[in-house]
Amino acid sequence: MRIISGTLKGRRIFAPKSQITRPTSDRVRESLFSILGEQPHHADVLDLYAGSGALGLEALSRSAKHCTFVENNKSVIKALEKNLTLVKEQQFTLVKTSALQAIKILSKKEKSFDLIFLDPPYQKDELRNILPWISQNNLLMDSGVIICEHSAKKTLENKYLKLICKDSRIFGDTALSFFMKSRS
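Anyway, here's the lowdown on the structure attached to this text. (Residues numbered from 1 in each chain as written. Predicted model: local features only at pLDDT ≥ 70, side-chain atom pairs only at ≥ 80, totals over all residues. Heavy atoms only, no water.)

### Things to note about the overall build of the protein
Along the backbone of the protein there are five helices and eight strands. Considering only C-alpha atoms, the protein reaches an extent of 40 × 40 × 30 Å along its principal axes. Evaluated residue by residue, the protein yields a buried proportion of 51% over its 184 residues. Long-range pairs, those at least 24 residues apart, make up 65% of the contacts in the protein between residues at least 6 apart in sequence. Distance between charge centres in the protein, computed from 29 positive and 19 negative side chains, equals 3 Å. (Helix = DSSP H or I, 4+ residues; strand = E, 2+ residues; numbered from the N terminus. Buried < 20%, exposed > 50% of the residue type's maximum accessible area, 1.4 Å probe, protein only. Contact = heavy atoms within 4.5 Å. Lys, Arg positive; Asp, Glu negative; His and termini not counted. Charge placed at Lys NZ, Arg CZ, Asp CG, Glu CD.)

See the structure below:
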């Protein structure tokens, strides 16, 4: 697996040798960043279920300002830390805890993000629970976007509190759903 575009184009990303993670395929990442266009430039990014860090690293490669990577599995963190050596220390923060605990920590710091990547394990139904938490804790900037990667077999609601699904795309077994804050 490699970074597709930007300053780190072609650099190899390591994934843990286990069934714990399911890194976003090159095809899906390429499509995702094509849809986002200029959005990653100078963005403050949250990669909430970081795994290998592929999504956050791709955003940093495409001129994101900073990425906060959140991961709680110790064996996965080892691979993530290896991948983070591709970028400067001031470009990222690594938070070693669960997604929900990270939301609580970040909300206390009154932190909000331009881009939030959510790619939890497909077999868990975490998106339905985590999206309302993100909304309640104002982790998304007014003009920000949340990108949820999930199984194409599962559909998400169109609305989670103040978050509205603006688009959804399917790529084989993978679906991407794009959420933004409602204007009302």
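### Focus: the sheet that holds strand 2 (residues 66–70)
As summarised here, the arrangement of the eight strands in space is 3-2-1-4-5-8-7-6, forming an open sheet in which the pairing is mixed. In the strand order of this sheet, the two ends are held by strand 3 (92–95) and strand 6 (159–160), each with one partner. Taken together, the six bridges between strand 5 (residues 140–151) and strand 8 (residues 174–181) define a ladder with antiparallel strand orientation. Paired with H150 across the bridge in strand 8 is A175. Most of the contacts of helix 1 (residues 26–36) go to strand 8, to which it runs at about 25 degrees, and overall it touches strand 4 (113–118), strand 5, strand 7 (163–171) and strand 8. (Pairing = 2+ DSSP bridges. Axes fitted to C-alpha atoms, helices over the stretch in contact; angles between N-to-C directions.)

### Some words on the packing of aromatic side chains
In total, this model carries three aromatic pairs according to the counting rule given. Aromatic pair F69 and F92: ring centres 6.4 Å apart, planes at 75 degrees, arrangement edge-to-face. One end of the pair, F69, is in strand 2; the other, F92, is in strand 3, and 23 residues separate them in sequence. Taking the ring centre of F14 as reference, the NZ or CZ of K82 above it sits at 4.0 Å. (Phe/Tyr/Trp six-rings, centres within 6.5 Å; stacked < 30°, edge-to-face > 60°. Lys NZ or Arg CZ within 6 Å of the ring centre and 35° of its normal.)

### Brief notes about the pairing of strand 3
Sheet topology places strand 2 next to strand 3; four bridges connect them, and they run parallel. Residue pairing for strand 3: C67 is matched across the bridge by F92. Viewed along the sheet, the connection from strand 2 through helix 3 (residues 74–84) into strand 3 turns out right-handed. (Right-handed = clockwise from strand over helix to strand, strands pointing away.)

### Some thoughts on the packing of helix 4 (residues 99–108) against helix 5 (residues 127–136)
The geometry of helix 4 relative to helix 5 is characterised by a closest axis approach of 10 Å and an angle of 0 degrees between their N-to-C directions. In terms of orientation, helix 4 lies roughly parallel with respect to helix 5. The residues of helix 5 that touch helix 4, namely those facing A99, L100, I103 and K104, are I130, W133 and I134. Of the residues in the contact of helix 4 with helix 5, the class split is six nonpolar, no polar and one charged. (Parallel < 35°, antiparallel > 145°, perpendicular 65-115°, else oblique. Nonpolar A, V, L, I, M, F, W, Y, C, P; charged D, E, K, R; others polar.)

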